[in-house]
Every structure is written in C-alpha cells, then in structure tokens.
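So the chains spell out like this:
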Amino acid sequence: MENFRFYSPTCFVFGKDKEDEAGAYVKSFGGSKVLIHYGGGSVVRSGLLDRVKASLDKEGIAYCLLGGVKPNPRSGLVYEGIELCRKEEVDFILAVGGGSVIDSSKAIAAGTIYDGDFWDFYQGKKIEKALPVGTVLTIAAAGSEGSGDSVITKEEGMFKRGAGSDAIRPKFSILDPALTQTLPPYQTAAGITDIMAHLYERYLTNSEEVEVTDRLIEGLLLTMIHEGPRVIADPNNYEARANIMWAGTVAHTNLCGVGRSQDWNSHNIEHELSALYDCAHGAGLAVTMPAVFTYQMNHNVMRFAQVAVRVWGCQMDFAHPEVTAKAGIEAFRSFLISLGMPKNLEELGGKEEDIPKLVEVLCHGDGRNGTISGFVTLDETDCENIYRMML
C-alpha cells in the first residue's frame, strides 16, 4: 500500500424529503445569495425546483436561476454561469440534478473567482479556491456529489476534459433515493454502469498489497450486481434505489482508491465517444470497458482473474489464468447488456471511419502528448486497436 492523504469533508444528508432542508444547509455553510443550477425540465415538472426554492425562501436566502445543463456539460453554459454569478454577487452555488449539473456547478464555482479562463483548470492548472457548492442529487451515477472532480466539454474543438481539487468538493450533498424513481430504465442502467466503472478504474492498480480497498471495491461491485436487476425490474423499489445511490457516492469519494495507483484509461477513451456522439457517459463506458480490459488484461492477468473469481463467481483456472480473466470480463459485459446497455460502437451511433478522429483528439487534442497513462500506458496504435475492438 502506498502513502496517501484522504480528505472528504462533504456533509451527506440521506433520506426521503431531505431536499426540503436545502436552504438550512446553505445557510449553515454561509450562503446568502445562491445560484440554483439545474438541467432540463424534469426538476421543474416534478416540483423539486419549487421545493428547493421554498427551502431558501424559508431561510431568507436570495437566489437566481440558471438551467439548461445538458449531459456532457458544455463550456458555453459555464461561461454564462460565471458571468451571472459575478453580476448577481453570488456567494454559493446549489446544484439540483445529476453529475452533469454538479460538474458544471463546480466549474462555475472555480471560474467565478478566477481572473483567467476557467478552462485553464481543465488543462492542468490547480484550483486553489472556489465558491462553495452544495448539491441536491437526482441521479445515482457520476459520484460528483462526493468528489473533488469535474468534467466539462469545451465546445470549441469538443474536448472533454477533467479537473480536480478539494476546493470544489461539495460542502453538503442531499441524497433522496426517491428522486431517482422516475428515471427511465436506460438512464438508471447508464448510472449503474458509471458507478461500476469508478470501481473498476480503481481496482486496476499497479500497487501491491491493497487488500482493504480491493475488498471495499469488490463489495460495492457485488451490491451493484444484486441491486441493478432489482431496480430495472421495479423502478419504484426504494431500498434498491437507496443502496445504488449510496454506492455511487462511496465509489467516487476516493475512499476505495487511497493507497493505490488507479487506471482511468476507460474513462479517457470513452470521453471522446460522448463528446463526439453525445451519448450517455455510462452507455459509452459499457462499450469501452470490455474492450479496454481485454486489451490490458495481459499486463496483470491475475488482477483480472481475482475480480472474476471474487465478484463474478468464475472458477479459477490456475494453469490458465487468462481463461478465468476473460470469463470475468465477459460476465461483466453480459451483465451490462442485461441491464439494457449497448454492446458495440454502432449502437452508440459510432462509425468505423470516425476512429482516426477519435484517436487524434484523444492522444493529441488540447495539448496532449500522444499517450494516455493509467494501468497501462497507451499510445495511438493501442487506442486505435481498442476503438476497433468496439466495432
């Protein structure tokens, strides 16, 4: 196990109707003028936005609104949010929605009090300070409600890049599983896939003797295997929704990633798919991960064999561990398909002729040097081979 520093100060407020307390939590963290940031019409139609506004009115807290966040959140709305926050002298940002809304809120929070272009942070500049952010979560998926991470798509060039800092960790996050009960099955399945991706990206490590975090990850993967089919069969199953929502948060606070190197090649490769085709991030990961895992498997076949045995119930073949490893990857792929996730690039709207463009942007776009690094360092040829495995 490697040395580590773990910092996760977010106050998590879990349970039914807890969104009615949003105003009280904003006040407790010093907010006096709030930007309520949200996505499409669902938070309006459901009455959630009105309940959040009522909670702020109850505490005497002023607010302004900025909706319109799309999946794979765009830089244009971030710039609009920064301008609005400066004009209205906002001192707190309240994200009402899923990971895209929260990521956009974090970008606005960092950019509002920064003299330069917020995109500097998504090119590697460290975020030193930001406006405080709170969240009311409506989708169990990205884990952004408990992380210091944010991913934004720059519309000029359609570069999808991430930034991370403790400065943009939410001060509080309200998690009401009932708010996820109206999600369509496809969106629910995409969220489950994203959660499992966050676990696998940490499981694929070059660090040794990390049994504690291995077991944490394995337990959460087993939870998703149990709860995923239950919630697809019965979208109103509150307990299944609750377990999935909390698993999504725990998966991405980095509790499962401390003391170990991590991968994130699957996420980097998928980001180009959701940037180009505007597909759901989880759906893109469902196609990407089996290809990446198969390509990287021989780097440490026993790591893949271990998760195959411990999580997917595969029989260990000590003479041929690659057989076990492949069986685990296929079991994972079959599970995602059973939830309704796509199985190839075509089902995402992808085309073989797009592969050179995907590789070029992935490896060289926005200042990259020709490779991506994680569990394995991948060059242009490797990335092209992986994309072709998705066909």
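Up top is the structure.
Residues numbered from 1 in each chain as written. Predicted model: local features only at pLDDT ≥ 70, side-chain atom pairs only at ≥ 80, totals over all residues. Heavy atoms only, no water.

Q: Now, about the overall build of the protein chain: what can you tell me, with residues and values included?
A: Looking only at helices and strands, the protein chain has 14 helices and eight strands in total. For the protein chain, whose C-alpha radius of gyration is 20 Å, the value lies close to the compact-globule estimate of 21 Å for 391 residues. With the C-alpha coordinates of the protein chain rotated into their principal frame, the extents come out at 70 × 45 × 40 Å. Partitioning the intrachain contacts of the protein chain with sequence separation of at least 6 by distance along the chain shows that 77% fall at a separation of at least 24. In the form shown here, the protein chain has an accessible surface area of approximately 15600 Å², with 50% of it arising from carbon and sulfur atoms. Of note, the protein chain has its 36 positive side-chain charges centred 4 Å away from the centre of its 52 negative side-chain charges. (Helix = DSSP H or I, 4+ residues; strand = E, 2+ residues; numbered from the N terminus. Rg over C-alpha atoms; globule rule 2.2 N^0.38 Å. Contact = heavy atoms within 4.5 Å. Areas by Shrake-Rupley, 256 points an atom, 1.4 Å probe, with all protein chains shown as cover. Lys, Arg positive; Asp, Glu negative; His and termini not counted. Charge placed at Lys NZ, Arg CZ, Asp CG, Glu CD.)

Q: Residue-level account of the pattern of salt bridges, with values.
A: In the structure shown here, the tally under the stated rule is 21 salt bridges. Across the pair Arg51 and Asp20 runs a salt bridge whose closest N-O atoms are separated by 3.8 Å. Within this pair, whereas Arg51 is found in helix α3 (residues 48–58), its partner Asp20 is found in the loop between β1 (11–14) and α1 (22–28), the two being separated by 31 residues in sequence. Of the residues examined, Arg51 reaches a relative accessible area of 28% and is grouped as partly exposed. Taking relative accessible area as the criterion, Asp20 reaches 39% and is therefore assigned partly exposed. Notably, a salt bridge pairs Arg333 with Glu330, separated by 3.7 Å at the nearest N-O pair. Taken together, the residues Arg333 and Glu330, both in helix α12 (residues 321–338) and three residues apart, mark about one turn of the helix. Taking the relative accessible area as the measure of exposure, Arg333 reaches 26% and is therefore partly exposed. Overlapping salt bridges bring together Glu211, Arg215, Glu218 and Arg310 as one network. (Salt bridge = Lys/Arg side-chain N within 4 Å of Asp/Glu carboxyl O. Buried < 20%, exposed > 50% of the residue type's maximum accessible area, 1.4 Å probe, protein only.)

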